[in-house]
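# Understanding the architecture of this molecule
Residue strings, one per chain:
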Amino acid sequence: MDRDVIGEIKKRLDIVDLIGDYVQLRKVGRNYRALCPFHTEKTPSFYVSPERQTYHCFGCGKGGDAFTFFMEIEGVSFPQALERLAKRAGVTLSKSARPKAEGDLSEVMELALKFYRDALHSPSGEVARSYLKHRELPPEVWETFELGWAPPSWDYLWQSLQRHGVTFELAERCGLVLMGSRSPYDRFRGRVMFPVRDVSGKLVAFGGRLVVGEGAKYINSPESELFQKRNCLYLLERAKKSIRQRGRSILVEGYTDAIRLHLSGYPEAVASLGTSLTEDQAKLLQRFAGRCCICYDADTSGQEASLRGMYILQREGLQVSVVILPRDVDPDQLLLQENGDKVFGEALDHAVPLPLYHLEIRRSQLEDPGSRHKAILELLEGLAELSPFDVAPYISNLSIALGVLPGELNEQIAEIRSRKRAAKEDKSARSSVYINGIGKKSVGKTIDPIEAAVAHVLWNDARRRVEAPPEVVLPLINDERVKSIVAALLYGESPEELEGRWLSVGDRFPMSLIAMGGNFCDQFGDIEVAWKELLRLLERRRRSERYRKLLSAMAKGEASAEEMEELRQLASDIKGGG
Ligand SMILES: [Zn+2]
């Protein structure tokens, strides 16, 4: 890659400008400060230095230059970042600096989009224009969402591409034309065209809605070098900023559903290009927000098809809830009805968490003795996909509906979970994260005995579990495994239930952690004294960690005036033994 080009782009781009597109920057001294876009925090520890053209987060440690920031926040590769930032900086990339074949394909796709968009305004586009108006998608919307029209003739696009010197080979690799018995012909004919861009804004595919002629109602571009359906979501490029800001995505099925939501004040909507979801799509969404509201058509086949996808999303760490719409309408239709926006807003506010949704759509089978067993098994299989902490809030509801005791239900789920895990471990030895119920790890030397002692006290003291504020205690715990156990206790899980669950999945870590904490607590004698002392020790540790961070920031010349003041304060606190 051309070093000069990268240098030139960096010189012309202002990193403050670039980052300012994603977070609210506030000037402090010579630097800018913001809430970190890469981790959740309440007080800003994300700094941008205009002098160095760098950024650094003192909370999560992320840092770098304009390129690393752009790649990280947009979730794009280096070549993609190079292309986009070059455009932004007004630097022309030489052909050699660009990924060659991909560049050519992209050009052909953009060319095709231009033809489709022009055709929508041509005489042959009349039928498409009236279709769109009938669907209440007026001309402004065609412009905003780059809608187009593929005329019903056999080779309208192919003729035009040829005039621009595009070879059949390139057009075919883009999925735009096919070879007929005598000559090439267009894949999309008589269809309203929806361009599909990837997360970085590159045009990778089209979706076509049939308006004239015969064929499937919707078709998409075939998979190609440019387009892998499994890692694309319609309108994600447009929605990602809002998804990040609002902390959630709304997932719909169709192109027009997604557009309608954007037009109705839900710019965080994306469409899944079909009901089946993939892990890659889940990861893509997860990158921008941890919550996802699924809003598919209310018909039964839609429900069935989407259940599996929902578990995929949840397994990738997204909190999934389901928006339940009135029967026989899709989001697009609903939002066009009188009071539809109100109905939709309420449905969104009352979105149902995945485990309860699954229970709901299986209710009739559960009541029928003939199908009951199968329905229960399927429900348990689904629940076993989730972490114990994701299922815990719904255990009481589920156990009532299934007519078993909560403990029994937990046992059943844990059993399936460990069976699944065993099967997985057979297949590959790859490790899984603790929270998903693995954790045959023993307590290593790395666990801080003070943190272990906190778990010990909470385990043994019911009153403390109720009275200790989680928002005070949890930020003091560094180790994620300890944190999840402490969180479970603070949020009302009973030690008996937890222990049963850990035993049934063969997880020995939590109990040895608690035992280790007990040893540490012994020195204090009284549990009341121990608790106060533990919090004081953790608070002191937090302060000295902060102190060290600020100290190194100061050494690098990156500390603001406010931070220097904080540093002085911390220094005197620590010296005073507070
Ligand atoms: Zn951060």
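These numbers come from a predicted model, not from an experiment.

The rules behind these values
Residues numbered from 1 in each chain as written. Predicted model: local features only at pLDDT ≥ 70, side-chain atom pairs only at ≥ 80, totals over all residues. Heavy atoms only, no water. Donors = N, O, S within 2.8 Å, 3.2 Å for Na, K, Ca; no water. Tetrahedral: all angles 85-135°; square planar, octahedral: opposite > 155°, others 65-115°. Buried < 20%, exposed > 50% of the residue type's maximum accessible area, 1.4 Å probe, protein only. Domains from an automatic or database assignment. Contact = heavy atoms within 4.5 Å. Buried area = accessible area lost by both parts, 1.4 Å probe. Salt bridge = Lys/Arg side-chain N within 4 Å of Asp/Glu carboxyl O. Axes fitted to C-alpha atoms, helices over the stretch in contact; angles between N-to-C directions. Helix = DSSP H or I, 4+ residues; strand = E, 2+ residues; numbered from the N terminus. Parallel < 35°, antiparallel > 145°, perpendicular 65-115°, else oblique. Nonpolar A, V, L, I, M, F, W, Y, C, P; charged D, E, K, R; others polar. Core = buried A, V, L, I, M, F, W, Y, C linked by side-chain atoms within 4.5 Å. Pairing = 2+ DSSP bridges.

Tetrahedral coordination by four donors puts the ideal angle at the metal at 109.5 degrees, and octahedral coordination by six puts it at 90 or 180 degrees. Surrounding the zinc ion are the protein donor atoms C36 (SG), H39 (ND1), C57 (SG) and C60 (SG), which sit 2.0 to 2.3 Å from the metal. For the zinc ion, the four donor atoms are set out with angles of 102 to 118° between them, so the coordination reads as tetrahedral. Exposure remark for H39: the relative accessible area of 23% places this residue in the partly exposed category. A relative accessible area of 0% places C57 in the buried class.

The domain architecture assigned to the protein consists of domain 1 (3-94), domain 2 (100-227), domain 3 (231-360), domain 4 (362-429) and domain 5 (446-578). On the domain 3 side, the residues contacting the six residues of domain 1 number six residues. Roughly 550 Å² of surface becomes buried between domain 1 and domain 3 when both sides are summed, with 36% attributable to carbon and sulfur atoms. When the buried surface of domain 1 facing domain 3 is broken down by residue, D21, I73 and E74 rank first, second and third, together holding 53% of it. One can count one salt bridge joining domain 1 with domain 3.

Here helix α10 (residues 236-246) crosses helix α12 (residues 279-288) at 45°, and the two axes come no closer than 8 Å. Between α10 and α12, the crossing angle belongs to the class labelled oblique. From α10, L236, K240, I243 and R244 reach across to α12, where they touch L284, L285, R287 and F288. Class assignment of the residues belonging to the contact of α10 with α12 gives a composition of five nonpolar, no polar and three charged.

Between side chains of opposite charge, a pair can form as their charged atoms come close. Evaluation of the coordinates by the stated rule reveals 42 salt bridges. When the shortest N-O distance is used, the salt bridge between E539 and R543 registers 3.5 Å. Placement of the pair is E539 and R543 together in helix α28 (residues 527-555), with a separation of four residues, close to one helical turn. Given a relative accessible area of 25%, E539 falls into the partly exposed group. Salt bridges linked by common partners bring E279, R315, E381, E385, R419 and K420 together as one network.

Nonpolar side chains in soluble globular proteins tend to be buried together. If you look at the biggest cluster of nonpolar residues, it comprises 77 residues, and the most contacted ones within it are I9, F46, L251, L285 and L313. I9 has contacts with F67, L82, L85, A86, A89 and V91, leaving out every residue within four places of it along the chain. Formed by 63 residues, the second largest nonpolar core is a distinct cluster that contains V204, L226, A258 and L348.

Our next topic: the pairing of strand β2 (residues 31-34). Burial along β2 is two-sided: N31 and R33 and Y32 and A34, pointing in opposite directions, are all buried. As defined by bridge partners, strand β1 (residues 26-28) adjoins β2 across three bridges and the pair is classed as antiparallel. Looking across to β2, one finds that R26 is bridged to R33. Hairpin connection from β1 to β2: two residues lie between these consecutive antiparallel strands, with G29 at a positive phi of about 60°.

On to the side chain of N410, then. Counting through the fold element by element, N410 comes out in helix α21 (residues 406-427). A relative accessible area of 9% places N410 in the buried class. Leave out the neighbours within four places in its chain, and N410 touches I395, E497 and R501.

Our next topic: unusual backbone geometry. Excluding glycine, residues mostly have negative phi values, and the peptide bonds linking residues are mostly trans. A positive phi is found at Q53, a non-glycine position, where the angle reads about 55°. Position of Q53 among the secondary structure elements: in the loop between β3 (46-49) and β4 (54-57). Q53 gets classed as partly exposed once you look at its relative accessible area, which sits at 24%. A positive phi angle is found at D328, which is not glycine, with a value near 65°. Mapped onto the elements, D328 comes out in the loop between β15 (319-322) and α14 (331-336). Overall, the relative accessible area of 70% leaves D328 in the exposed class.

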